[in-house]
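Survey of secondary and tertiary structure
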Amino acid sequence: MQISSNKMLFGFFALSFGFFLETGICAAGKGILFILEPYTISKGTQLEGFCMDLLSEVAKKLGFKYRVQLVKDGSYGRQDDNGNWNGMIGEVVRGEADLAIAPLTLTAAREKAVGMTKPFMQTGISILLRKDISEGSGFFDFLTPFTAETWVGILIAYLGTAASIFIVARISPCEWSQPQSEQNRFSFLHSLWYTAGALTLQGAGPHPKALSGRVICCSWWFFTVVLLACYFSNLSSSKSSESAQLMVKGFEDLANQDTIEYGCLAGSSTLAFFKNSNNPVYRRIYEHMERTKSFVSSMDEGVRRAKEGNFAFIGESVSLDLAVARHCELVRAHEVVGMRGYSIAAAFGSPLIKNLSVAILQLSEAGELAYLRSKWWASSCIADRTKSSPVQLHSLKGMFLVLSLGLGLGALLAVLELTSKSRRGAVEQRKSCCTVLTEELSLRLRTSNASRPQENVDKDKEKA
């Protein structure tokens, strides 16, 4: 097998030790190794990766020395029809290696042949696809740029602005100078229509004439311009990343379609899971793969076919996560089934298994395993990781504050305009300013159309 220093497809290793149980110190022995990124990566004469770091941490806790080398046949370990094991498991069974540290799935068959520690990593079975295999947009996807709270806030702002325009248009004498004879142009329905027209950047006449009404309109126009800019910016970002919404969200979707071909690694524990399952969906998936012979011979081949499109590669979730981190055009389905763990293998009945399990649990409780996972599975797809999220209400608090100040200023100007007119009227009518102001407010706010009562009085006089 050729091993590339730039891109290592598979890597794991088995380690051989001689142990002095009386003192708890381990002497180095024969070992074997096989490359699988990022578990073990060859950097010239040096080895690095998740498993190398794990081995180093376990060795510190248990106080042993070790040396490693490549596994002879470059496989994990599979049992043939005669019951013999190959790969890493076979070498541990035959005593050629004392220990095997790798993404080695803990299965019942392997547990019968060798000793397995507590899992150092949890994994499962999932689906790898191209990002451009996406579903059609939903009916209400246009609402996704904003959260529900933001939409409620926008609705309240809309109704509040319309109500402010309606009230200011009635109070301001510059907008409605003669309530007894003139009809108010800004009914509540027209105020709603006028405010909605601003959202389309088109407007809807007539426009306010008074300074107070114009201040409110300018505040609302500024609010809508910024709001629309945020909306379309976030909508564009969400559309560019909508590929995360896969047409195949899980195994049931995969089994119920015949457009996308799918397969898994031949002879893998993933294939055994589907083969031995009594779940009707999983059985259909296995029968389809068996009928179409859509198996792949390596992880590399599965990733390559998924990148080419129209192929879903079924594999272990941690391996698929690594492929997603390295290949930005790929994405893993959210559903994960058949949870299992990766364990360290030793000779059957070895007393070291207990100590290794305790060390692994200690590393897990200390957060070391999570740190190693984030270290070696770091994504290189920086742009893809900046997925847009709906705009929160607190992100637009500045816009709402400016709008509120505009509405308040407009209402204040309207009151000042009416007060100025009332003062002039008070001098002419020889009444107090407060009395005239109260009468003006009562007249302007009493009815929806103050000219109609005057018309009715005139008609009554004519009839009489």
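Just so you know, the residues in each chain are numbered from 1, in the order the chain's sequence is written. Where totals are concerned, whole chains, interfaces and linings use all residues; where local detail is concerned, this predicted model gives features only for residues with pLDDT of at least 70, and gives and counts side-chain atom pairs only at 80 or more. Side-chain numbers come from the whole structure's heavy atoms, not from hydrogens or water.

This is how it is decided: UniProt positions are given in the numbering used here, feature names are shortened, and annotations may be inferred rather than shown by experiment.
As annotated in an unreviewed UniProt entry, the chain carries the name Glutamate receptor and is attributed to Seriola lalandi dorsalis. Per UniProt, the chain carries the Subcellular location (unreviewed entry) text "Postsynaptic cell membrane". In its Sequence similarities (unreviewed entry) section, the UniProt entry covering the chain states "Belongs to the glutamate-gated ion channel (TC 1.A.10.1) family."

1. Description of the packing of helix H1 (residues 50–62) against helix H12 (residues 352–365)
Basically, it comes down to this: To get an axis, fit a line to the C-alpha atoms, keeping to the stretch in contact for a helix; angles then go from 0 to 180 degrees between the N-to-C directions. Note on conventions: DSSP H or I runs of at least 4 residues are helices, E runs of at least 2 residues are strands, and numbering of each starts at the N terminus. Roughly parallel means an angle under 35 degrees; roughly antiparallel means over 145; roughly perpendicular covers 65 to 115; every other angle is labelled oblique. We call a crossing left-handed when the near helix sits turned anticlockwise from the far one by less than a right angle, and right-handed when that turn is clockwise. Should any heavy atoms of two residues lie within 4.5 Å, those residues are counted as being in contact. Gly falls in the polar group here, along with every residue not listed as nonpolar (Ala, Val, Leu, Ile, Met, Phe, Trp, Tyr, Cys, Pro) or charged (Asp, Glu, Lys, Arg).
Two elements in contact, H1 and H12, have axes whose closest approach is 10 Å; the angle formed by their N-to-C orientations is 110°. By the angle class used here, H1 and H12 are roughly perpendicular. At the point where H1 passes H12, the crossing takes the right-handed sense. Residues Leu 54, Glu 57, Val 58, Lys 61 and Leu 62 of H1 form the contact with H12, whose participating residues are Leu 352, Asn 355, Leu 356, Ala 359, Gln 362 and Leu 363. For the contact of H1 with H12, a count of residues per class yields seven nonpolar, two polar and two charged.

2. Remarks on the side chain of Ser 164
Counted only if it meets this: Accessible area is worked out with a 1.4 Å probe on protein chains only. A residue is then buried under 20% of its type maximum, exposed over 50%, and partly exposed in between.
Along the chain, Ser 164 turns up in helix H4 (residues 148–171). Residue class for Ser 164 comes out buried when judged on its relative accessible area of 18%. The residues contacting Ser 164, other than those within four sequence positions of it, are Ile 216 and Leu 407.

3. Regarding unusual backbone geometry
Unlike most non-glycine residues, Lys 293 shows phi in positive territory, near 50°. Among the structural elements, Lys 293 can be located in the loop between helix H9 (280–292) and helix H10 (299–308). A relative accessible area of 55% places Lys 293 in the exposed class. For Asn 310, which is not glycine, the phi dihedral falls at a positive 60°. If you trace the backbone, Asn 310 turns up in the loop between H10 and strand S11 (311–316).

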